[in-house]
Amino acid sequence: MARRYRIKGGVRVGMVTETPNRPLPENVTTAATPGVLTYRVQALTGGMGLYRYRGREGEGLHYYTGQNVNPLFPWATTLGPLATSISKPGGETDAVTSINVLGGTLVVTFGADVYTYNGSWSALVDTLPAAPSDTYYNADRIYYALGSNGYSYQTAAGSAATDVTANLGTINPAMQTVLEWDEKICCIDTSGKFWYSLTGDASSWEDDGPTLPIPTASNTQLAIYDDALGDPICWALTPFGPFMLDFINKKWFPARFQYPEYRMKFTKMGFGTVFRDSLYVHAQDRRVYKLTSGPQLSVEDVSPDRPDGVPAAFLGELKRFVADNDFMFVQVGDSQTLSGIAWAVWMYTPDGGWDPIYVNTADNSTEPLAMAIISNSLGYRLYFHDNNASDGHIVRYLDLSDLRDSPLVSTTKDYASSGNYELPWFDDGAPGERKLALAARVKLTGAAANETVQPAYGTDFATSYSNLGPAITANTETEVKFGTNNVGVAFNSFRWKFTLARGGTATNAPKIEYVDLDYLRLPQTLRVFNVTIDCSDFSPDGRTPRQQIEDLWTAIETETLGTFAYRDDADNTRSYLVKPVSPRGEERAGWDERGEYQLTLMELNG
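Residues numbered from 1 in each chain as written. Predicted model: local features only at pLDDT ≥ 70, side-chain atom pairs only at ≥ 80, totals over all residues. Heavy atoms only, no water.

Details of the packing of aromatic side chains
Here is step 1: Enumeration over the complete set of coordinates arrives at 38 aromatic pairs.
Here is step 2: Residues F110 and W121 carry aromatic rings whose centres are separated by 5.5 Å and whose planes lie at 75° to one another, so their mutual orientation is edge-to-face. Note that F110 is positioned in strand β10 (residues 105-110) and W121 in the loop between β11 (113-117) and β12 (126-127), a separation of 11 residues in sequence. The exposure classification of F110 matches that of W121, with both residues buried.
Here is step 3: When the ring of W181 is compared with that of F247, the centres are 5.5 Å apart and the planes differ by 80°; the resulting orientation is edge-to-face. Here the residue W181 occupies a position in strand β17 (residues 175-181), and F247 occupies one in the loop between β22 (241-246) and β23 (251-254), the gap between them amounting to 66 residues. Of the two residues examined, W181 and F247, each falls in the buried class.
Here is step 4: Put simply, the rings of Y39, Y421, F426, Y457, F482, F491, F494, W496, F498 and Y519 touch in pairs and so form one group of aromatic residues.
Here is step 5: Stacked on the ring of Y5, the Lys or Arg R543 has its end atom at 4.5 Å from the ring centre. (Phe/Tyr/Trp six-rings, centres within 6.5 Å; stacked < 30°, edge-to-face > 60°. Helix = DSSP H or I, 4+ residues; strand = E, 2+ residues; numbered from the N terminus. Buried < 20%, exposed > 50% of the residue type's maximum accessible area, 1.4 Å probe, protein only. Lys NZ or Arg CZ within 6 Å of the ring centre and 35° of its normal.)

Notes on the state of the cysteines
One covalent bond between the sulfur atoms of two cysteine residues makes up a disulfide.
Here is step 1: In total, this model carries zero disulfides according to the counting rule given.
Here is step 2: The cysteine C187 is free of any disulfide, with C186 supplying the nearest cysteine sulfur at 7.9 Å.
Here is step 3: The class for C187 is buried, based on a relative accessible area of 0%. (Disulfide = S-S within 2.5 Å.)

Some thoughts on the side chain of R287
Here is step 1: You can see R287 is positioned in strand β26 (residues 287-292).
Here is step 2: Reaching out from R287, the side chain makes a polar contact with the side chain of S303 at a distance of 3.0 Å. (Polar contact = N/O pair within 3.5 Å; in protein donor to acceptor, adjacent residues only side chain to side chain.)

A few points about the nonpolar core
Here is step 1: Counting 34 residues, the largest nonpolar core has Y421, F482 and W496 as the members making the most contacts within it.
Here is step 2: Put simply, the parts of the chain that give this core at least two residues each are β4 (36-41), β36 (435-445), β37 (452-459), β40 (489-491), β41 (494-501) and β42 (511-521).
Here is step 3: Ignoring sequence-local partners within four residues, the contact set of W496 consists of Y421, E422, L423, A440, P455, A456, Y457, Y465, L468, F482, V515 and L517. (Core = buried A, V, L, I, M, F, W, Y, C linked by side-chain atoms within 4.5 Å. Contact = heavy atoms within 4.5 Å.)

Things to note about the pattern of salt bridges
Here is step 1: Evaluated as defined, the whole model comprises 26 salt bridges.
Here is step 2: The closest approach of N and O atoms between D386 and R396, which form a salt bridge, is 2.6 Å. With a gap of 10 residues between them, D386 in strand β33 (residues 379-388) and R396 in strand β34 (residues 392-399) connect regions that are remote in the sequence.
Here is step 3: Judged by relative accessible area, which is 0%, D386 ranks as buried.
Here is step 4: In this structure R396 comes out as buried when scored by relative accessible area, which is 12%.
Here is step 5: Across the pair E603 and R527 runs a salt bridge whose closest N-O atoms are separated by 3.1 Å. In this pair, E603 is assigned in the segment after β46 (595-602) and R527 in strand β43 (residues 524-534), connecting sequence segments 76 residues apart.
Here is step 6: Residues joined in a network through salt bridges with shared partners are R40, R441, E477, D516 and D518. (Salt bridge = Lys/Arg side-chain N within 4 Å of Asp/Glu carboxyl O.)

Examining helix α2 (residues 545-557)
Here is step 1: Here α2 contains 13 residues, and its C-alpha end-to-end distance of 19 Å stays within 8% of the 18 Å for a straight helix at 1.5 Å per residue.
Here is step 2: Along α2, the residues classified as buried are P545, Q548, I549 and L552. Across the axial projection of α2, the buried residues extend over an arc of 100°, all falling on one side. (Expected span 1.5 Å × (residues − 1). Arc of directions from axis to C-beta.)

Some points on the sheet that holds strand β31 (residues 353-359)
Here is step 1: Spatially, four strands are ordered β28-β29-β30-β31 in an open sheet, and the strand pairing comes out antiparallel. Edge positions in the open sheet fall to β28 (317-323) and β31, since each of these has one partner strand only. Averaged over all adjacent pairs, the angle separating strand axes in this sheet is 25°, with direction ignored.
Here is step 2: As defined by bridge partners, strand β29 (residues 328-333) adjoins strand β30 (residues 344-349) across five bridges and the pair is classed as antiparallel. Along β30, the bridge assignment pairs Q331 with V345. (Pairing = 2+ DSSP bridges. Axes fitted to C-alpha atoms, helices over the stretch in contact; angles between N-to-C directions.)

Notes on the pairing of strand β14 (residues 142-145)
Here is step 1: Of the two faces of β14, the one lined by I142 and Y144 and the one lined by Y143 and A145 are each fully buried.
Here is step 2: Note that strand β13 (residues 134-137) and β14 share four bridges and pair antiparallel. When the sheet's bridge partners are listed, T135 is paired in β14 with Y144.
Here is step 3: With antiparallel pairing between neighbouring strands as the criterion, β13 and β14 make up a hairpin whose turn holds four residues.
Here is step 4: Strand direction decides the pairing type here: β14 and strand β15 (residues 151-154), joined by four bridges, are antiparallel. When the sheet's bridge partners are listed, I142 is paired in β15 with Q154.
Here is step 5: Counting the residues that bridge the hairpin from β14 to β15 gives five residues, and of these G147 lies at a positive phi of roughly 60°.

Observations regarding the sheet that holds β14
Note: strands within a sheet are paired through backbone hydrogen bonds, in either parallel or antiparallel orientation.
Here is step 1: Read from one edge to the other, the open sheet built from four strands follows the order β13-β14-β15-β16, with strand pairing classed as antiparallel. One side of each edge strand has no neighbouring strand; the edge strands of this open sheet are β13 and β16 (162-164). The sheet shows a mean angle of 15° between the axes of neighbouring strands, direction not considered.
Here is step 2: Here three bridges tie β15 to β16, and the two strands are oriented antiparallel to one another. Along β16, the bridge assignment pairs Y151 with V164.

Listed below in structure tokens is the structure:
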């Protein structure tokens, strides 16, 4: 109900400016100009799994999303390694099914066909009885698991393999996954039974091992990892969870970590791998668990989509895992529910998270089927299968030394031709408060006319970006102002996108040392109305001084805003939502309840 009062001396309208006063967020410092703050980005070592909002507090990291970039070195974010194609043997049309090395020579199977590569492809070396479901190589042999066709082994890269026929599970195994453990060649056959041999030759197999207690063993992968005492044992990674082998008592035991059965079409080696001190197990499309043995099995969810998910282009299934001591690599292909995605190779490090170092966006490309880390006379490389309409089934490789060497010191790294990354949203710790972007300072190394970085920005959760000036080609610190005539750009939330490109020289690429954003916390200017309420007589609406005073107390104690309306000098009615603050006044004691009260009414929704 509206209440009317007599105002003594008129309404006095003032302004109050409230400057935001709160701690500075991570990576924000004060600039030289008073009131201006600087948000700095110099390290993207947080990975892309947590990419939506600003970096992890206290560690100075920035999560991101992007493709074909190398974010491993602070002060030197740059393009990822060049994916080099080594084509395919002439006339070959089958998919790449395994990549191995023997005697320093790369050995690759296309379907069941065996070839070698040492700078160029050999003629056809051999045709196996079937395409391998799994392979294992040591210094002496490559073993090809061929399922119901038994297995084959090759003792020299350029020689035909020896084929060993399965004998219905009584002499030679119908091998589906194979590796070496405790100086024995070990395998699991198509029924889930464990076999071992001291030599790996035909008729040398012992079949007194246990059978996996699962409904089907068609998708099973052997791995060597520690038991609770730190001793390496055989593990079987299955669609029903990992199992541990008790070789003495001939039993498989569940690893106390189980996930529900799910229907998933795995390619070989698709269940995980051992990386550093832990076993990484794949479950469902993009779920990855890190298992670390000890008196108690430690389980950590390290999935790339935790907690904010990944971009739609990467919503595939993790298909194949390989690792050395530096990195774990995972191929991402079509999902159980999604197909035709732009498949990728992700790199994982425990400290840095998941990074997309290669993304295939070719039309009509199909998901990869094989991947291997090989170190031989050709170099230290990650090889992987690729297939698209223009090239067919081919092999590509990334030079891993290009990942390990700092781009600030290496002059021999080969870089991808283009890449981009998007930073998470930055809101200065106050998503509902307006800020003003004033200027950006970008410091590059290795930039030139053909090695460029195009900065772009987005505001307030818009899906599009606006370029901030032309592409930068200078290696000095480049300052670019925001807004037409440098008036700035207002925002609640802000994010960067940087597109990197190089010219025709593969060893030249721009490196982003740091990016600074200068911005201002916009002060909030509020109207205040200073009034003196005269309660010395009846009010214009007939209330006694006592009633007027009680209504004033009610208005002051009300927690919500109220409407204040008055007539100005031109007899116009003005109204505002206000909150009474700093009330002052007094009333007479006894029977005389008349009085005057000074109120400051603040417009808090200004």
